[in-house]
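These are the residues of each chain, in order.
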Amino acid sequence: MAFVVNQEFNSFGELLQVKEAYECANNVVLVRRDTHLLKGEGEIVRKLIYSRLSLQCKAGRERPSESKGVRKSSTFKKNCPMRINIVFKGDKLKVTSMNEVHENHQLNQQTFLHYPENVRLSKEEINLASTSLEANGKKFKIKNQLMEERKKHGNQAPILLKSIHNLQTAKRIDKEKVIPGESELEKLLCSMLKVPGANVRVLRDENDELVCIFFQDTRMASIFDKYPELVLYDATYKMNEREMPLFVQSVVDANGTTEIVALAICKSESRVVIEFVLDSFKEINPNWTKIKCVIGDKDFADRIVYKEKFIGVALQICLFHVLRTFNREISAKRGITKDERQKALEILQRLCYASSYDYYDEQYEKLCQLNIESVTESYNTNWHSIKDEWTLCGLNQYANFLNNTNNRSESMNHKIKTVGTRNSNLLTFFENVSTSVSVLA
C-alpha cells in the first residue's frame, strides 16, 4: 500500500493503517513532525485529531541542538528529505504533497527490523512477559517464547534480551516502592511476623543500622526439636541489593532429607553477628543441648564461636572444602616444583581419607619426609592439631550420620538461589527465600 497525492482518510486510525503497511513495504520508519491539533470538540476532532501533520523518514533532518559536545551522542538523523504532508480538508485528512526520495542512508530489511519502534514490546507482549517473570521464568526462555509469537503473526523483528531485563527492573522497582512513613526494615519485619509461630530477633549497631535478623518459624523449630543431633551450617552470598549474606542452619531428618531449621540475614560474618545468631538459636530451642555434631566450612569466619557456644559438641570441617583448600594453598607460590606439589597433594588426600590413626601417622611421616618446609610448616600450624575435625578416622567418631561434607547445605543454597534475583530488596529477598523453603519442606 502506498501514499499518493490527494489521497484522503476518514480517520486518523485509517491513516495509521496505511502508514504501517507503507513502512513494511518500503523498509522505512515514518515519524510525525510539525503536528497541529484540531481545535474544539466533536466527532470530527476525535476521529481526525490533527489539522496538519507531516510524516518524515526517521533519518530526516536533524533538530537544532544546544549541546556543547562534551558528552558523546548518536542519532538516526541523516538529513533525509523524504516527507509526506497531510492537512485537514473537508472533514477528512488529505495528502497535499510528498517527496519519496531517500538520501544519505540505505533502506534494507535488517536495519528496518532493528529500529527501536519495531523491537519495542507491544502491550500483549508486555503482559505475557510480565506473567512469566512473576512466575520466575528465565529471561532467555521468555525471549524465545515472544519471538515464536511474533513469527506466528509474520513479524520478523527481533526481541532484545535488554527489553525483558528492563521490564523486570521496572516491575521490581514498582513493587519495592516504600510506603511513606514505613521503612524497608519495618516492611520486612511485618512480613516475617505474619508467618505463623515466627520467632524474629533483630541486632542493630550503635548507629541503629541493621546488622542481623534471625528468623525461625514453627515448622523449623519442630523439625529441630525432633532431629537435633546433627547441625549443618553455611552461608550464601549475593542474593540481595545490600549484599547481606544468608546464614542457613539445617538438620537431617529420619528420612535422610535436609531440613532448614533457622535463617539469618547478616551484614557480615563477624564474631558479634555469629554470637547473636547462636544465642538467639539457643534461646528459642531448648533442645540445643542434644546437638552432638556440627559440620561447616573451615573458611567460615569465627567458627570458634561454635566451640564456645556448644561446649562438648564435635565441630567438623567439610571434607570437600578441606581438599579444595589443599589444592589452592599448595601451589608454586610456596617455592615448590610441580613434581613436589603433586607428591604433597597425593599424601594430603590420603591423610583426608585415613580410616585409622595408624594410617594417618604413616602418611604424616611421609609428608614430613618430603622435606618441603613451607608445606610442612603450614600443615602443622593449621591442620595437624585439629585432625579429628577433618580426617575420616576423626569424623567417624561422632554422630554425623555418614555426612563427611557440607554438600547438603551447598545443594540447599543452590536451590534457594534459583528463586529471585541478586538485586532484590530485603523484603522481596525474604519472600523469595520463604518460597524456596516452603517448596523444599
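Up top is the structure these notes are about.
Conventions and cut-offs
Residues numbered from 1 in each chain as written. Predicted model: local features only at pLDDT ≥ 70, side-chain atom pairs only at ≥ 80, totals over all residues. Heavy atoms only, no water. Helix = DSSP H or I, 4+ residues; strand = E, 2+ residues; numbered from the N terminus. Buried < 20%, exposed > 50% of the residue type's maximum accessible area, 1.4 Å probe, protein only. Pairing = 2+ DSSP bridges. Core = buried A, V, L, I, M, F, W, Y, C linked by side-chain atoms within 4.5 Å. Contact = heavy atoms within 4.5 Å. Axes fitted to C-alpha atoms, helices over the stretch in contact; angles between N-to-C directions. Expected span 1.5 Å × (residues − 1). Arc of directions from axis to C-beta. Phe/Tyr/Trp six-rings, centres within 6.5 Å; stacked < 30°, edge-to-face > 60°. Lys NZ or Arg CZ within 6 Å of the ring centre and 35° of its normal.

## Thoughts on unusual backbone geometry
Okay, so step 1: Unusually for a residue other than glycine, Asn79 sits at a positive phi of about 60 degrees.
Okay, so step 2: Here Asn79 shows up in the loop between β3 (50-57) and β4 (83-89).
Okay, so step 3: A positive phi angle is found at Asn371, which is not glycine, with a value near 60 degrees.
Okay, so step 4: Here Asn371 is to be found in the loop between α14 (357-369) and α15 (373-382).
Okay, so step 5: For Asn371, a relative accessible area of 68% translates into the label exposed.

## Here's the deal with the pairing of strand β9 (residues 246-252)
Okay, so step 1: With seven of its seven residues buried, β9 lies for the most part within the structure.
Okay, so step 2: What you see with β9 is no split at all: Leu246, Val248, Ser250 and Val252 on one side and Phe247, Gln249 and Val251 on the other are buried throughout.
Okay, so step 3: Both strand β8 (residues 230-236) and β9 contribute to a ladder of five bridges, which runs antiparallel. Looking at β9, one finds that Ala235 is bridged to Phe247.
Okay, so step 4: As paired elements, β9 and strand β10 (residues 258-266) share seven bridges and run antiparallel to each other.

## With respect to the nonpolar core
Okay, so step 1: Judged by nonpolar contacts, the single largest core of 28 residues is most densely connected at Cys212, Val277, Phe281, Ile291, Val294 and Tyr306.
Okay, so step 2: If you list the elements that add at least two residues to this core, you get β7 (210-216), α9 (218-226), β8, β9, β10, α10 (271-284) and α11 (304-309).
Okay, so step 3: Leaving out residues up to four positions away in the same chain, Cys212 has contacts with Arg201, Val202, Leu203, Ala264, Ile265, Cys266, Val273, Phe276 and Val277.
Okay, so step 4: If you look at the next biggest cluster of nonpolar residues, it comprises 23 residues, including Leu185, Leu188, Val248 and Leu263.

## Overview of the sheet that holds β10
Through backbone hydrogen bonds, the strands of a sheet pair up, either in parallel or in antiparallel fashion.
Okay, so step 1: Ordered in space as β6-β7-β10-β9-β8-β11-β12, the seven strands form an open sheet in which the pairing is mixed. In the strand order of this sheet, the two ends are held by β6 (199-204) and β12 (314-317), each with one partner. Strand after strand, the sheet turns through a mean of 20 degrees between neighbouring axes, direction not considered.
Okay, so step 2: Judged from the six bridges that link them, β6 and β7 form a sheet pairing that is antiparallel.

## Section: helix α5 (residues 123-134)
Okay, so step 1: For α5, with 12 residues, the first-to-last C-alpha span of 16 Å sits near the 16 Å given by 1.5 Å per residue.
Okay, so step 2: Inspection of α5 places Glu125, Ala129, Ser130, Ser132 and Leu133 among the buried residues, and these make up the whole buried set. Buried residues in α5, looked at end-on, bunch into an arc of 165 degrees, giving them a common side. Away from its buried face by more than 90 degrees, α5 exposes Lys123, Glu124, Asn127, Thr131 and Glu134.

## Describing the packing of aromatic side chains
Okay, so step 1: Per the stated rule, a full pass over the model turns up 17 aromatic pairs.
Okay, so step 2: Taken together, a centroid distance of 4.5 Å and an interplanar angle of 15 degrees make the contact between Tyr233 and Tyr306 stacked. Of the two residues, Tyr233 is situated in strand β8 and Tyr306 in helix α11; the sequence distance between them amounts to 73 residues. Across the pair, exposure class does not vary: Tyr233 and Tyr306 are buried alike.
Okay, so step 3: Between Phe326 and Trp390, the ring centres sit 5.8 Å apart and the planes meet at 80 degrees, which makes this aromatic pair edge-to-face. Placement of the pair is Phe326 in helix α12 (residues 319-329) and Trp390 in the loop between α15 and α16 (392-395), with a sequence separation of 64 residues. Note on accessibility: Phe326 and Trp390 belong to one class, buried.
Okay, so step 4: By the ring-pair criterion, three or more aromatic residues cluster together here, those being Phe326, Tyr360, Tyr364, Tyr379, Trp383 and Trp390.
Okay, so step 5: One residue, Lys282, lies across the ring of Trp288, its end atom 4.1 Å from the ring centre.

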